[in-house]
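# Examining the three-dimensional arrangement
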Amino acid sequence: MDTPDWKGPLGEALDQALAYLEDLPGRPVAGRAGLAGLRAALGGPLPRQPQNPRQVVANLARAAEPGLVASGGGRYFGFVVGGATPAALAADWLTSAWDQNAALYVLGPAASVVEEVTGAWLAELLGLPAGVSVGFVTGVQMANLTGLAIGLREVLQRAGWEVESAGLWGAPRVRVLAGQGRHGTIDRALRFLGVGAGAVEAVDADDQGRMRPAALAAALELGDGPAIVCAQLGNVNSGAMDPLAEIIPAAHDHGAWVHVDGAFGLWAAASPRLRPLVAGVEGADSWATDAHKMLNVPYDSGLVFCAHPEAHRAAMGIRAGYLVHGSGDQRDSLDYNPDHSRRARGFPVYAAIRALGRQGVADLVERCCALAGRFAERLATADGVEVLNQVVFNQVLVRFLAADGDHDAHTRRVVERVQGDGTCWMSGTTWQGQAAMRISVSNWSTDEADVDRSVAAILRRATQ
Ligand SMILES: Cc1ncc(COP(=O)(O)O)c(C=O)c1O
């Protein structure tokens, strides 16, 4: 075979990527194209003949461009979406070029060692016990699934039931206690595991969405037998953190497994100033978090940690005659993941941490939180604007008051107008029964000027 033309398509991709990234800070934040326009630009019949790869990349970039959301830029405050730091993005490109299957040590020794090293760095950064096991997954949905699968296995094992072989039919009932403010991916993970979302015993939460430890203690008293407690660091609306220092000992006194969904809030541990928010975190049994949120690694990049590596491997591992399993302490990543073949997701996480260092990660997290505080301060002083939450981390909930008293309708209208304005983008939500604008500061490149420009746009649209 002739040497393929790598430079053509990869050079085109580099040119297109640089043009996009350099334009990102100035581009309108929302996508411009509608559904019909994108279908017309990207669709058509199944191609019959080959096409020049460079041309394919150029055409794709041109056709997709109007439908791209500038979610990697500094004025995107929707959901909890991080951007991509230069080192992490570049390492992500290499991950594709190297195309390692990070399932087994033998398939990619460098990928395996990078995950081992990065896992230990992450444990230190996030205040988890040394020696925790780690899995690199697509996001917290899969990290929650993995943590809960390990917990389910473990609490049933202690009750004399082997869930791997016997499944859940006829098994002792496992209680699942989770805060009212939990994220929907906990319920979805329980659906996938066959436990069912209906199994959740919702524990009362306070006005910020934090689980009430006294309510948990009372709920735990109502039954015995195998139990899992799901706690949370970072309520998806308010950013509030469950008080783990009280929750974890209470759960352990009842023999429960404690899983912590710390999708973005666990990153408070990386900052000496914010670490008190996650006090007690090291006592849990499993933890889920994302690198594609606060650490600003490109999608998709989630992490699951477990304080019981044996249980982790027992719940996730797989053996087959044709597989070549690592010997000694060579890490086979499929022992820690629900995936079989998979992308070597450790490389960009490794590069992100190398480039930032401990100090850089702390600065990134603290900057996002300080800028959320700046949003709250500036908006709270404006007429007809209320900040609904205590801004403890990177989330701000805002309500706009209407002269006619229909604050919900007005708030939703303001959110829509701001989304259409193009200066910035944030979504709406319902918080404690009230419509609210939801601002999440999660991007490494956001600065004071971005916040001030966004506040000005919000106030302009609120009074138009
Ligand atoms: C608390 C919490 N848990 C879970 C998730 C889901 O994370 P992912 O979309 O990475 O699966 C989110 C997403 O924002 C979240 O905030």
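Refer to the structure presented above.
Each chain carries its own residue numbering, running from 1 in the written order of its sequence. In keeping with the predicted nature of the model, local features appear solely for residues at pLDDT of at least 70, side-chain atom pairs appear and are counted solely at 80 or more, and the whole-chain, interface and lining totals rest on all residues. Note: side-chain values were computed over all heavy atoms of the structure, leaving out hydrogens and water.

### Remarks on the pattern of salt bridges
A pair is scored as a salt bridge if a Lys or Arg side-chain nitrogen falls within 4 Å of a carboxyl oxygen belonging to Asp or Glu. Applying the stated criterion across every chain, the model contains 25 salt bridges. The partner of Asp-92 in a salt bridge is Arg-343, and the shortest N-O contact between them spans 3.1 Å. Taken as a pair, Asp-92 in helix 4 (residues 86-98) and Arg-343 in the loop between helix 11 (309-316) and helix 12 (346-380) lie far apart in primary sequence, 251 residues in all. Of the charged contacts, one joins Asp-204 and Arg-212 as a salt bridge, the two residues approaching to 3.2 Å between their closest N and O atoms. Numbered from the N terminus, helices here are DSSP runs of H or I no shorter than four residues, and strands are runs of E no shorter than two.

### Description of the site of the ligand
The environment of the ligand is made up of 15 residues, and the closest members are Gln-141, Asp-261, Asp-290, His-292 and Lys-293. Residues adjacent in sequence count toward polar contacts only when both atoms are side-chain atoms; beyond that, a polar contact is any pair of N or O atoms within 3.5 Å, and within protein one must be able to donate a hydrogen and the other to accept it. The separation between a nitrogen atom of the ligand and a polar side-chain atom of Asp-261 is 2.6 Å. Bound to the protein, the ligand loses 84% of the 390 Å² it would expose on its own. Polar here means any residue other than Ala, Val, Leu, Ile, Met, Phe, Trp, Tyr, Cys and Pro, which are nonpolar, and Asp, Glu, Lys and Arg, which are charged; Gly is therefore polar. Split into classes, the residues belonging to the shell around the ligand amount to five nonpolar, seven polar and three charged. A cutoff of 4 Å decides nearness: a residue is near a molecule or strand if any of its heavy atoms lies inside that distance of it. Here the accessible surface of atoms and residues is derived via Shrake-Rupley with a 1.4 Å probe, and residues count as covered only by protein chains that are part of the display.

### Describing the packing of aromatic side chains
What counts as a ring pair is set by centres within 6.5 Å for rings of Phe, Tyr and Trp (its six-membered ring), and what kind of pair is set by the plane angle: stacked under 30 degrees, edge-to-face over 60, tilted for all other angles. The final tally for this structure, using the stated rule, is six aromatic pairs. Ring geometry for Phe-77 and Phe-375: centres 4.9 Å apart, planes at 85 degrees, overall edge-to-face. Taken as a pair, Phe-77 in the loop between helix 3 (53-64) and helix 4 and Phe-375 in helix 12 lie far apart in primary sequence, 298 residues in all.

### Observations regarding empty space enclosed by the protein
A pocket here means an open set of points on a 1 Å grid, computed over the protein atoms alone, that has protein on both sides within 12 Å along at least five of seven lines. A cavity is instead a set of points where a 1.4 Å probe fits but cannot get out; residues with an atom within 4 Å of a point line either one. Grid points are joined across faces, edges and corners, and a volume is the space filled by probe spheres set on the points. Enumeration according to the criterion identifies two cavities of 30 Å³ or more in this entry. Considered as a void within the structure, the largest cavity measures approximately 80 Å³ in volume. What lines the largest cavity is a set of 15 residues, among which Gly-179, Gly-181, Arg-182, Gln-232 and Asp-242 lie closest to the centre. Per-element accounting of the lining of the largest cavity gives the leading share, three residues, to strand 4 (residues 227-232). The residue makeup of the lining of the largest cavity, split by class, is five nonpolar, six polar and four charged. Roughly 40 Å³ of internal volume is contained in the second largest cavity. A class-by-class count of the residues in the lining of the second largest cavity yields four nonpolar, two polar and two charged.

### Some words on the nonpolar core
Think of a nonpolar core as a cluster: buried Ala, Val, Leu, Ile, Met, Phe, Trp, Tyr and Cys residues, connected wherever their side-chain atoms sit within 4.5 Å. When accessible area is computed with a 1.4 Å probe and restricted to protein chains, residues below 20% of their type maximum are described as buried, those above 50% as exposed, and intermediate ones as partly exposed. One finds Trp-267, Phe-375, Met-437 and Ile-439 to be the most contacted residues of the largest nonpolar core, which totals 84 residues. The leading source of residues in this core is helix 12, at 13 residues. Setting aside chain neighbours within four positions, we find Phe-375 in contact with Phe-77, Val-396, Met-426, Ile-439, Val-441, Val-451, Ser-454, Val-455 and Ile-458. With 20 residues, the next largest nonpolar core counts Val-176, Leu-190, Cys-230 and Ala-311 among its residues. Whether two residues are in contact is decided by their heavy atoms, any of which lying within 4.5 Å being enough.

### Here we look at the layout of surface pockets
A water-sized probe rolled over the atoms picks out the places where empty space is left. Here the largest pocket is characterised by a volume of approximately 1,000 Å³. Around the largest pocket sit 36 residues that line it, and Ala-17, Tyr-20, Leu-21, Leu-68 and Leu-89 are the ones nearest its centre. Top element by residues in the lining of the largest pocket is helix 1 (residues 7-23). It accounts for seven residues. Of the residues assigned to the lining of the largest pocket, the class counts are 20 nonpolar, 10 polar and six charged. What the second largest pocket holds in volume is close to 400 Å³. Forming the boundary of the second largest pocket are 21 residues, of which Glu-116, Val-132, Arg-313, Arg-331 and Tyr-336 lie nearest the centre. Counting residues per element, the ones that place at least two in the lining of the second largest pocket are helix 5 (109-125), strand 1 (133-137) and helix 11. Examining the composition of the lining of the second largest pocket, we find that five residues originate from one element, helix 5, more than from any other. In terms of residue class, the lining of the second largest pocket is built from seven nonpolar, six polar and eight charged.

By themselves, these figures tell us nothing about what the structure is for.
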